[in-house]
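# Notes for the structure review
Okay, here's what each chain looks like letter by letter:
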Amino acid sequence: MQANLRHMLLAVRDLVKRFPGAERPVLDGISLDVEGGEIVALTGESGSGKSTLLHVVAGLEPADIGHVLIDGQDLTEMDDRGRAALRRSDIGIVFQQFNLIPSLSVARNLAFQARLAGRAEEAQLDALALRLGLTDHLAKYPEELSGGQQQRVAIGRAVAGGPRLLMADEPTGNLDEATGDTVMDLLVSLARTEGTALLVATHSQRLAARADRRLHLSRGRLA
Ligand SMILES: Nc1ncnc2c1ncn2[C@@H]1O[C@H](COP(=O)(O)OP(=O)(O)OP(=O)(O)O)[C@@H](O)[C@H]1O
């Protein structure tokens, strides 16, 4: 890899991904860079490959060709263990469907993720809960929360480990506009104050307008 890629928090180079039986690759030579603290929106029609790109960047899905470097470490050259360790320490992901653990309270959902990343100090989790506006909900279970509150817990889980790269896949897709705005406010504020790079896949022009930069995915390519 070239030396000038090393300072990028996320550097994606020439990614190609084809699902078995598909006529053409869903990702067909994707390259992109995201710096720390930068907010990038990823738009594109339904089925254009936004989720696939996020999954490959997170190491949840293998690429056929290409490289994904997180803070200079090439995920595509690691084994499963290495990828999982990098994901725990450096990457946070927020999904449309919140993906909370239903049998755990809000406090335990947050602590679970922080513990995985080796960062489960109570004072830190209290500060995070305050920031998320969840202080009064810590003893509740996910099913007792509204959609917006659940998504705030999901964001808390994603950032509890102190990731360098935060990715969100349609984070406001299940929320009304006003609630979606507060969720995006939270993501933006976390990225700005923590210097976290934020990559958000969305259909929402409103949400995309909040980013520093937009990338549009179409026919496997970025524009
Ligand atoms: N595991 C899989 N196996 C086979 N094909 C898949 C798989 N996952 C996604 N695809 C296909 O890849 C294409 C891109 O899907 P993807 O979910 O990445 O798109 P998207 O842009 O995130 O869509 P949406 O906006 O609707 O969420 C689609 O044609 C989809 O059917």
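Anything mentioned here points back to the structure above.
These numbers come from a predicted model, not from an experiment. (Residues numbered from 1 in each chain as written. Predicted model: local features only at pLDDT ≥ 70, side-chain atom pairs only at ≥ 80, totals over all residues.)

Take the nonpolar core next. Leu187 and Val200 are the most contacted members of the largest nonpolar core, which totals 65 residues. Setting aside its immediate chain neighbours within four residues, Val200 contacts Ala41, Leu42, Ala168, Pro171, Leu187, Leu207 and Ala211. (Core = buried A, V, L, I, M, F, W, Y, C linked by C-beta atoms within 7 Å. Buried ≥ 20, exposed ≤ 12 C-beta atoms within 10 Å, placed from the backbone. Contact = placed C-beta atoms within 7 Å.)

Quick look at helix H4 (residues 122–132) now. All buried positions along H4 are accounted for by Leu125, Leu128, Ala129 and Leu132. An end-on view of H4 places all buried positions within 100° of arc, on one side of the element. Set apart from the buried face of H4 by more than 90 degrees, the exposed residues are Ala123, Ala127 and Leu130. Residues of H4 that are buried make contact with helix H3 (106–116), helix H5 (147–160) and helix H6 (177–194). Just downstream of H4 lies Gly133, where phi reads positive at about 70°. (Helix = DSSP H or I, 4+ residues; strand = E, 2+ residues; numbered from the N terminus. Arc of directions from axis to C-beta.)

Below, the discussion takes up the site of the ligand. Near the ligand, the surroundings consist of Phe19, Val26, Gly44, Ser46, Gly47, Ser48, Gly49, Lys50, Ser51 and Thr52. Of the residues contributing to the shell around the ligand, the split by class is two nonpolar, seven polar and one charged. (Near = placed C-beta within 6 Å. Nonpolar A, V, L, I, M, F, W, Y, C, P; charged D, E, K, R; others polar.)

A regular strand places its side chains so that they alternate between the two faces of the sheet. With five bridges connecting them, strand E1 (residues 10–17) and strand E4 (residues 65–70) associate as antiparallel partners. From the neighbouring strand, Val12 faces E4, where its bridge partner is Val68. Examined bridge by bridge, E4 and strand E5 (residues 73–74) share two bridges and lie antiparallel to one another. The partner of Leu69 across the bridge, within E5, is Asp74. Linking two consecutive strands that pair antiparallel, namely E4 and E5, is a turn of two residues; a positive phi of about 50° is found at Asp71 within it. (Pairing = 2+ DSSP bridges.)

With that out of the way, let us pick up helix H1 (residues 50–57). Where burial is concerned, most of H1 is hidden: six out of the eight residues are buried. Within H1 the residues assigned to the buried category are Lys50, Thr52, Leu53, Leu54, Val56 and Val57. Of the residues flanking the end of H1, it is Gly59, one or two places downstream, whose phi is positive at about 75°.

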